[in-house]
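Close look at the chain arrangement
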Amino acid sequence: MIVTPASKREDLLPSLGILVAAIMWGVFWIPVRGVESSGIGAAWTSVLIFAVSAVTFLPMVFFRWRIMLKGGGNILLAGFLSGLAFALYTIALNLTDVIRVILLFYMTPLWSTLLGILVLNEKLTANRVIGLILAFSGLMVVLGAGYQFPVPSNLGDWLALFSGLLWSFASVRLFQGGAEMLLEKVFLFVFFAFLCSILFALLPLGHETSMPDPSLLRDAWGWIFVIAMLMLPMTFLTIWPTTLLSPGRVGMLLMADVVAGVASAAILTEEAFGYRELTGTVLIVSAGVVEVMRQQKIKSHS
């Protein structure tokens, strides 16, 4: 296992960025649940979330639409894959058990590592192997799933599995494109997530497909404001590090989402946080530490 000194390491700041984004995603259930408590259906909650987020980007689109057009198909594909991935993840949460969704989605470090080897010609390092073992062990421990991995058995399970796979492909495309046109990539992420959320909300998947009563928005405006304020920094800290860091590292550090979600649920609800949750948390955190102990060179992209 390789340990690299922290001095002059350009990869540490984006690694910290994706870690912060993961923590924000982990507590994002709080405003989402607040919107749902106003009476808006679960399927339409995701539509509302991404719609509000897209609106916050309109001033940027007005001034930078010519720059966005220069990105061509590559930036559109990256935005579509990333937006679709998170739209599928949100929908999956409403169609199957949350534990199954998390377990199936967070196969992403494995998919991303494989894609990094096949597409980006990366080498499988000892740090990555140890990190994967620690991460998946911690994930199954903290969620109380033992060592029995769920085999997809319903639509929600398959959506969760495909969302993780799509995010792995999206992270590869974002990494290949580099850190140029960041605001445009963030907007396209939100925009395609919004479009895909509308599509799934209108499909007959066992939930209410009719649009919610606009009067319900009066009760949700406070939570909508919170979401609007969170979405820009959260999506930026998701996309920016992904353009710089190995897809495998991004997938590994995003697993802090699980820790933040379990911890916040324990604080704000009656969910337990005992020795099992603590053990799983330590394992997941250790996986992230092992991963970042090895320096990743930040390459310039043309």
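This text follows the structure it describes.
Keep in mind that this is a model prediction, so the values were computed, not measured.

Take the overall build of the protein chain next. A count of helices and strands for the protein chain gives 14 helices and zero strands. Element order for the protein chain, N to C, with α for helix and β for strand: α-α-α-α-α-α-α-α-α-α-α-α-α-α. Taken over 302 residues, the protein chain has a buried fraction of 52%. The long-range fraction of contacts in the protein chain, counting pairs at least 24 apart against all pairs at least 6 apart in sequence, stands at 88%. Carbon and sulfur atoms provide 70% of the accessible area of the protein chain, an area that totals close to 14,200 Å².

Time to look at the packing of aromatic side chains. For any pair of aromatic rings, geometry is given as the distance between the ring centres together with the angle between the planes. Using the criterion set out here, one finds twelve aromatic pairs in the structure. Measuring from centroid to centroid gives 5.7 Å for Trp25 and Phe28, while their planes differ by 75 degrees, and the two rings are edge-to-face. Taken individually, Trp25 and Phe28 each receive the classification buried, so the pair is uniform in this respect. Their ring planes at 10 degrees and their centres at 6.3 Å tell us that Phe236 and Trp240 sit as a pair that is stacked. Of this pair, Phe236 and Trp240 both sit in helix H11 (residues 217-242), four residues apart, which is roughly one turn of that helix. What makes Phe236 partly exposed here is its relative accessible area of 30%. Trp240 gets classed as buried once you look at its relative accessible area, which sits at 18%.

Its identity as a non-glycine residue notwithstanding, Asn121 has a phi of 60 degrees, on the positive side. Positionally, Asn121 belongs in the loop between helix H7 (108-119) and helix H8 (126-142). Despite not being glycine, Met181 shows a phi value in the positive range, around 55 degrees. With respect to the helices and strands, the residue Met181 is situated in the loop between helix H9 (155-177) and helix H10 (182-202).

This part takes up the environment of Thr269. Structurally, the position occupied by Thr269 is in the loop between helix H13 (256-268) and helix H14 (275-293). The partly exposed category is assigned to Thr269, whose relative accessible area is 27%. Ignoring anything within four residues of it in the chain, the contact list for Thr269 reads Trp29 and Arg33.

Time to look at the pattern of salt bridges. The full count for this structure, using the stated rule, is four salt bridges. The closest approach of N and O atoms between Arg128 and Glu291, which form a salt bridge, is 2.9 Å. Taken as a pair, Arg128 in helix H8 and Glu291 in helix H14 lie far apart in primary sequence, 163 residues in all. An identical accessibility class is assigned to Arg128 and Glu291; each is buried. With its nearest N and O atoms 3.1 Å apart, the salt bridge here joins Arg249 to Glu291. Here Glu291 lies in helix H14 and Arg249 lies in helix H12 (residues 247-253), a separation of 42 residues in the sequence. Residue Arg249 is classed as buried on the basis of its relative accessible area, which comes to 1%. Residues joined by salt bridges that share partners form a network here, namely Arg9, Asp11, Arg128, Arg249 and Glu291.

Helix length check: helix H1 (residues 12-26), at 15 residues, gives a terminal C-alpha distance of 21 Å against a target of 21 Å (1.5 Å per residue), a fit within 8%. Those residues of H1 lying buried are Pro14, Ser15, Gly17, Ile18, Ala21, Ala22, Met24, Trp25 and Gly26.

Below, the discussion takes up the side chain of Thr235. Tracing the backbone shows Thr235 in helix H11. Residue Thr235 is classed as buried on the basis of its relative accessible area of 0%. Engagement of the side chain of Thr235 in a polar contact is seen with the backbone oxygen of Met231, the distance being 2.6 Å. Once you skip the residues sitting within four places of it in the chain, Thr235 turns out to touch Phe57, Val186, Phe189 and Val190.

Rules used in this analysis
- Residues numbered from 1 in each chain as written.
- Predicted model: local features only at pLDDT ≥ 70, side-chain atom pairs only at ≥ 80, totals over all residues.
- Heavy atoms only, no water.
- Helix = DSSP H or I, 4+ residues; strand = E, 2+ residues; numbered from the N terminus.
- Buried < 20%, exposed > 50% of the residue type's maximum accessible area, 1.4 Å probe, protein only.
- Contact = heavy atoms within 4.5 Å.
- Areas by Shrake-Rupley, 256 points an atom, 1.4 Å probe, with all protein chains shown as cover.
- Phe/Tyr/Trp six-rings, centres within 6.5 Å; stacked < 30°, edge-to-face > 60°.
- Salt bridge = Lys/Arg side-chain N within 4 Å of Asp/Glu carboxyl O.
- Expected span 1.5 Å × (residues − 1).
- Polar contact = N/O pair within 3.5 Å; in protein donor to acceptor, adjacent residues only side chain to side chain.

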